[in-house]
Amino acid sequence: MNLIKVENYEEMSQKAAEIIINKVVNNPKITLGLATGGTPEGTYQHLIENHQKNQTTYQHVKTVNLDEYIGLGATDPNSYRHYMNEHLFNHIDIDFENIHIPNGAATNLQEECRSYDYVIDQLGGVDLQILGIGRNGHIGFNEPQTPFNSKTHIVELAPSTRKANARYFNRFDNVPTHAITMGIASILKSKEILLLVSGEDKAEAMQRLQHGEISESFPASVLKKHNNVTIIADKKAISSCLVSP
Ligand code: F6R
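Every value quoted in this text rests on a predicted model; they were computed, and no experiment measured them. (Residues numbered from 1 in each chain as written. Predicted model: local features only at pLDDT ≥ 70, side-chain atom pairs only at ≥ 80, totals over all residues. Heavy atoms only, no water.)

Caption draft 1: Representation of the environment of His-51. Assignment of secondary structure puts His-51 in helix 2 (residues 41-54). By relative accessible area, which is 15% here, His-51 ends up buried. Separated by 132 residues in the primary sequence, His-51 and Gly-183 have C-alpha atoms spaced 31 Å apart. Among all residues touching His-51, those that are not within four sequence positions of it are Thr-56, Tyr-58, His-91, Ile-92 and Asp-93. (Helix = DSSP H or I, 4+ residues; strand = E, 2+ residues; numbered from the N terminus. Buried < 20%, exposed > 50% of the residue type's maximum accessible area, 1.4 Å probe, protein only. Contact = heavy atoms within 4.5 Å.)

And the structure:
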């Protein structure tokens with residue numbers, strides 16, 4: 001895993017956007033794997049600014065999102081579909097036909113999982129997958145103990161994940177209990193992975209990722225098995241007081 005150390009959240013966002021824009025310019029038909037949450041918001045903002053300033057086009061870019069809450073339809077303000085529209089898609093020239101996000105309101109959720117993997121395969125796999133990391137090491141919504149060979153599936157969210165995401169909801173009780181997520185095997189099939197890590201609340205996870213063993217109890221550790229992973233982490237996430245002797 002390559003590690004790019006940056007000063008802060010802003011520099012992480014700039015660097016990540018720079019990498020993504022270069023890929024899009026060199027391969028206008030790229031399939032991007034996208035994440036939601038607080039971490040990539042700044043990156044998306046830079047993509048939008050660059051699109052407006054330099055007209056970088058996303059007309060032929062395809063996107064595949066990692067996950068979606070179960071029970072929230074596309075128009076629900078807390079759905080990840082809504083997040084993506086607000087934070088990126090509504091502000092660039094992407095063809096909405098090329099956007100793929102699991103449907104958390106599907107009547108047949110098992111079928112939704114199966115067809116999501118099929119869609120990814122039909123696209124020829126993800127070329128560049130953007131990831132954030134949960135404090136418990138989750139990637140996508142693959143919580144600890146998720147088998148490394150999992151494909152897209154339904155998960156029960158860990159209490160700590162619901163708590164961390166409660167900031168987006170009026171009440172903790174409104175945070176969905178379940179989600180659909182690309183599985184760990186689906187994520188690992190990506191040709192290249194860019195993991196963004198910022199802030200001191202991620203320092204413990206970062207420490208474990210760098211120095212811990214590969215184990216299903218810490219999902220992100222599986223990234224060590226992939227041959228093309230870049231981590232962009234800021235100073236607070238690489239907190240020196242946590243570095244092992
Ligand atoms: C989001 C996702 C999650 C987040 C993780 C970190 O699509 O898959 O794995 O990346 O929960 O969230 P933030 O960035 O809010 O700290």
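Caption draft 2: The pairing of strand 3 (residues 62-65), seen in detail. Here 4 bridges tie strand 2 (residues 31-34) to strand 3, and the two strands are oriented parallel to one another. Note on strand 3: the bridge partner recorded for Gly-33 is Val-64. Crossover handedness for the path strand 2 to helix 2 to strand 3: right-handed. Bridge analysis of strand 3 against strand 5 (residues 99-100) gives 2 bridges, and the strand direction is parallel. Within strand 5, the residue paired with Val-64 across the bridge is His-100. (Pairing = 2+ DSSP bridges. Right-handed = clockwise from strand over helix to strand, strands pointing away.)

Caption draft 3: Structural detail: the site of the ligand. The environment of the ligand is formed by 13 residues, the closest being Thr-39, Asp-67, His-138, Gly-140 and Lys-202. At 2.8 Å from an oxygen atom of the ligand is found a main-chain nitrogen or oxygen belonging to Gly-38. For the ligand, an oxygen atom lies 2.6 Å from a polar atom in the side chain of Asp-67. Here the ligand, which alone exposes 410 Å², has 93% of that area covered by the protein. Residues belonging to the shell around the ligand are distributed by class as follows: 3 nonpolar, 7 polar and 3 charged. (Near = heavy atom within 4 Å. Polar contact = N/O pair within 3.5 Å; in protein donor to acceptor, adjacent residues only side chain to side chain. Areas by Shrake-Rupley, 256 points an atom, 1.4 Å probe, with all protein chains shown as cover. Nonpolar A, V, L, I, M, F, W, Y, C, P; charged D, E, K, R; others polar.)

Caption draft 4: Representation of the sheet that holds strand 8 (residues 178-181). A sheet is described by the order of its strands in space; here 3 strands give the open sequence 4-8-7, paired in antiparallel fashion. The outermost strands of the open sheet, each flanked by one partner alone, are strand 4 (67-69) and strand 7 (153-156). Mean inter-strand twist for the sheet, computed between neighbouring axes without regard to direction, equals 25 degrees. Seen against the sheet, helix 4 (residues 109-122) touches strand 7 and strand 8 and runs at an angle of roughly 125 degrees to strand 7. (Axes fitted to C-alpha atoms, helices over the stretch in contact; angles between N-to-C directions.)

Caption draft 5: Structural view of the sheet that holds strand 5. Strand order in the open sheet formed by 7 strands is 1-10-9-6-2-3-5, and the pairing between neighbours is parallel. Each edge of the open sheet carries a strand with a single partner, namely strand 1 (2-6) and strand 5. Two strands pair when backbone bridges link them, and strand 6 (residues 128-131) and strand 9 (residues 192-197) are joined in this way by 4 bridges, in the parallel orientation. By the bridge assignment, Leu-131 is partnered in strand 9 with Leu-195.

Caption draft 6: Examining the nonpolar core more closely. In terms of nonpolar packing, the biggest core is built from 39 residues, with Leu-88 and Leu-194 touching the most fellow members. Those elements that provide at least two residues to this core are helix 1 (9-26), strand 2, helix 2, helix 3 (80-87), strand 6 and strand 9. When residues of this core are assigned to their parent elements, the largest contribution, 7 residues, is made by helix 1. Beyond its immediate sequence surroundings of up to four residues, Leu-88 is in contact with Leu-34, Tyr-44, Leu-47 and Ile-48. Val-64, Ile-193, Leu-195 and Phe-218 belong to the second-largest nonpolar core, a separate cluster that totals 28 residues. (Core = buried A, V, L, I, M, F, W, Y, C linked by side-chain atoms within 4.5 Å.)

Treat this as a map of the structure, not an account of what it does.
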